[in-house]
Structure formats: C-alpha cells, structure tokens
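Each chain, letter by letter, is given below.
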Amino acid sequence: MPRYFLHLRYPAPEDGFARDDEGDELPDPDALRQHVMDTARDLMRSARLKAIPDWLRCSFEVTDEAGAVVLMLPFSDAAK
Amino acid sequence: MHPPQQLSIANRLLASLRAEDFASLQPYLEPVPLDMRQVLIEPNTAIGHVYFPETGMSSVTNNSSGGKIEVGVVGREGLVGLPIVLGIDRTPYEHFMQIAGHGWRIAAPDLEQAMAQNNSLHRHLLRYAQASHVQVSETAFANANSDVEARLARWLLMCHDRVEGDDIPLTHEFIAMMLGVRRPGVTVALHVLEGMHVIRAKRGVITVLDREKLEELAEDSYGLSEAEYTRLMGTEP
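Residues numbered from 1 in each chain as written. Chains lettered and ligands numbered in written order. Predicted model: local features only at pLDDT ≥ 70, side-chain atom pairs only at ≥ 80, totals over all residues. Heavy atoms only, no water.

(A) Structural detail: the overall build of chain B. Summing up its helical and strand segments, chain B has 10 helices and 8 strands in all. Computed over its C-alpha atoms, the radius of gyration of chain B comes to 18 Å, within 12% of the 18 Å expected for a compact globule of 237 residues. By its C-alpha atoms, chain B is 55 × 35 × 35 Å across when sized along the principal axes. Taking all 237 residues of chain B together, 52% fall into the buried category. Counting only carbon and sulfur atoms, one obtains 52% of the accessible surface of chain B, whose full area is about 10400 Å². Here chain B carries 20 positive and 30 negative side-chain charges, and the mean point of each set is 3 Å from the other. (Helix = DSSP H or I, 4+ residues; strand = E, 2+ residues; numbered from the N terminus. Rg over C-alpha atoms; globule rule 2.2 N^0.38 Å. Buried < 20%, exposed > 50% of the residue type's maximum accessible area, 1.4 Å probe, protein only. Areas by Shrake-Rupley, 256 points an atom, 1.4 Å probe, with all protein chains shown as cover. Lys, Arg positive; Asp, Glu negative; His and termini not counted. Charge placed at Lys NZ, Arg CZ, Asp CG, Glu CD.)

(B) The nonpolar core, seen in detail. Counting residues in each nonpolar core, the largest one holds 56 residues, and the members touching the most others are Leu8(A), Phe60(A) and Leu156(B). Looking at this core element by element, the count peaks at 8 residues for helix α6 (residues 148-160) of chain B. (Core = buried A, V, L, I, M, F, W, Y, C linked by side-chain atoms within 4.5 Å.)

(C) Representation of the sheet that holds strand β6 (residues 167-169) of chain B within the structure. All names here are of chain B. If you walk across this open sheet you meet the 3 strands as β6-β8-β7, and the pairing is antiparallel. Edge positions in the sheet fall to β6 and β7 (199-202), since each of these pairs with one other strand and no more. Neighbour to neighbour, the strand axes of the sheet diverge by 20 degrees on average, direction disregarded. This element, α6, spans β6, β7 and β8 (205-208) of the sheet and lies at about 105 degrees to β6. Across the sheet, helix α8 (residues 183-195) is in contact with β7 and β8; its angle to β7 comes to roughly 130 degrees. (Pairing = 2+ DSSP bridges. Axes fitted to C-alpha atoms, helices over the stretch in contact; angles between N-to-C directions. Contact = heavy atoms within 4.5 Å.)

(D) Here's a closer look at the packing of aromatic side chains. Inspection of every chain in the model, using the stated rule, returns 3 aromatic pairs over all chains. Ring geometry for Phe60(A) versus Phe75(A): centroids 5.0 Å apart, planes at 40 degrees, classification tilted. One end of the pair, Phe60(A), is in strand β4 (residues 59-63); the other, Phe75(A), is in helix α2 (residues 75-78), with 15 residues separating them in the sequence. For Phe75(A), a relative accessible area of 0% gives the class buried. Here Phe96(B) and Phe174(B) contribute two aromatic rings whose centre-to-centre distance is 6.2 Å and whose plane-to-plane angle is 85 degrees, an arrangement assigned as edge-to-face. Here Phe96(B) is found in strand β5 (residues 94-107), whereas its partner Phe174(B) is found in helix α7 (residues 172-179), with 78 residues between them in sequence. (Phe/Tyr/Trp six-rings, centres within 6.5 Å; stacked < 30°, edge-to-face > 60°.)

(E) How the structure looks around helix α10 (residues 224-233) of chain B. All names here are of chain B. The complete set of buried residues in α10 reads Ser225, Glu226, Glu228, Tyr229, Leu232 and Met233. Angular distribution of buried residues about the axis of α10 spans 160 degrees; they occupy a single face of the element. Buried positions along α10 lie against α1 (12-15), α5 (119-145) and α6. Looking at the residues trailing α10, positive phi occurs at Gly234, about 75 degrees. (Arc of directions from axis to C-beta.)

(F) Focus on the pairing of β5(B). All names here are of chain B. Across the 14 residues that make up β5, a large majority, 10, are buried. Across 5 bridges, the pairing between strand β1 (residues 30-34) and β5 is antiparallel. From the neighbouring strand, Leu34 faces β5, where its bridge partner is Gly101. By the bridge criterion, 2 bridges tie strand β2 (residues 39-41) to β5 in an arrangement that is antiparallel. Bridge pairing in β5 places Ile41 opposite His95.

(G) Fine view of the interface of chain A and chain B. On the chain B side, the residues contacting the 23 residues of chain A number 22 residues. Approximately 1800 Å² of surface area, both sides summed, lies buried where chain A meets chain B, with 52% of it carried by carbon and sulfur atoms. Looking at the side of chain A facing chain B, the largest losses of area belong to Glu22(A), Arg48(A) and Lys50(A), adding up to 36% of the total buried there. Applying the counting criterion to the chain A and chain B interface returns 5 salt bridges. For Glu219(B), the salt bridge goes to Lys50(A), with nearest N and O atoms at 3.2 Å. Those elements that provide at least two residues to the side of chain A that touches chain B are β2 (17-18) and α1 (29-46) of chain A. Residue contributions to the side of chain A that touches chain B peak at 5 residues, all from α1(A). Considering only residue class, the side of chain A that touches chain B consists of 10 nonpolar, 3 polar and 10 charged. (Buried area = accessible area lost by both parts, 1.4 Å probe. Salt bridge = Lys/Arg side-chain N within 4 Å of Asp/Glu carboxyl O. Nonpolar A, V, L, I, M, F, W, Y, C, P; charged D, E, K, R; others polar.)

Here it is in structure tokens:
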C-alpha cells in the first residue's frame, strides 16, 4: 500500500512546518482524502496546543513517497 | 543462575525493601528479558507473574477505543502486577513493554505466600500501591488541565526517568497513541521542543538535551507524583 506523509503548515514567526517522517499507508486517493479530513477534524476538536492557537489557520501538505505534493488541505475546508 | 543480591539491584522497590523482606522474595526471583511490545499482563486474565523492571518502561493501557491510550507507566521504580499486592487476580488494563529492558519476575502465588507470611513486605508494597495511585491520578489531572506541549514534556520526563542515558526510542505514532492525540499534534509539539533545543528528534529516537527546561515546560503536570513516591518509599523513583 502506498505511504503518504502529512506535513503540517502552521503560522509561526519562523519555520512553521512540522515535517512528517513516518507517514500513513492508505489504499487510494479517496481513502487518503478521508484520512486527512478526519485527522484535521480530530485535531481541531481535541488537540490543545500553545503553538497553535487557531487550527483554522493551518493546512496539511500531503506528499507521496517520492516527495511530490499530492494533496493540500486547509483546515478551514475540513471545518465545513 | 545465582540468586540476585539486593545491593546490585536497580529496581527501586526491591532495593528499598528491608534486607529480611528482600530475603523472603530472593529465592523466587527469576531474571527475565523485557522485550519491546512484550505483553506482561493481558486484560481480564488471571495474572501469572509479577514483574520488577530493572531497565525499560512498561505501559498500562486502556484498549477499548480501538487503539491504546496510556493510563500509567512502570519502570525501575515499581512493579507490574499491582492487583496481586491488593489481593486481586486480574485487571481490565493491558500492561506491555514500550521501551525494552530487563528485570525480575516472581510467580503470583509465590508473592502472595511471601506477603501472607511477612507483613512488613506486604506493607512496603502497599505503600508503592499508593505511589502508583498518585501517578495515575496525576495523569488524569494532566489530561484535564494541560495542553499537548506540557503533557508531552511530562511524558518524556517520565520516560527519561526510566531509561539509561538520554536516548528514548519512540516513534511519533507511538507517542500519539500513548497521549491520545493524533500524530500531527505530537509532531508539532516535538518540532517546537526541538526548535528550543530541549530535545533532538531523529527517526524513532528522541534525545533529551535539556532536562531542566523540559521540567519547566511540563508546568505543574510533573513532579508531584515523583515527590510523593520519594516521601512514601524513602528513595527517589
């Protein structure tokens, strides 16, 4: 199964990019999109972080194993 | 195999027993490797052995949410199999090794018999039961009161207390499961700690660089249960 990496862009004075080196295995693009949506919603619902006062200003940048960006998901889209 | 000598034991609970209490356990203690992911106690199953880790860290988890969420940890400061000390034969929680190590084990009936014959041994282990209860209560407090950064700092400190050296072998996915947070939440928090030069995170290994700062970042979520352990057991955890 292909592995995808969910890097997170977040507003920060410098280097607001949390790189995902571990990734998740997903069977197809639909499953990937659903997984990224679920993850974003779950974070917005329950993850309280000092570094991220507002999840709505974050986005996921998803890459495949070759490093190509395959999906960009602003959290504001996941909140709809 | 020679029986263990109390002076050379790293497990704080065994090391802090009175010499005669230790002697009553000594013939029954068997050295065991504690491998990564090894299950020491299955939920809702009669406990066969009680474990005293020398190194490594075991995790007490609730597995009912599909994944595992950690509710307690045990390393060299304690024992795995507390229900036996309390006269109970099983627990709803799983106990497994999250950081490999080694330790001692004793068959549950042998420990029960030793406690029945030796009140001072039993009383010492009951004091540990209270110390463990305080740790679990502090986890509940941290989960309600603290943000992910502080909870992560506390959790790394608890791991650091129980490993030799400064390297803690852990993936982000694993930490996420243990803290009950999605992995990107942990990755961001680790990224922030790394930016402050408090830790270094490489694939699968977290290195503690500045423990003092980590304690500061854990705010009031770390320290109370460790101080209470020291007060109750007469030795640092």
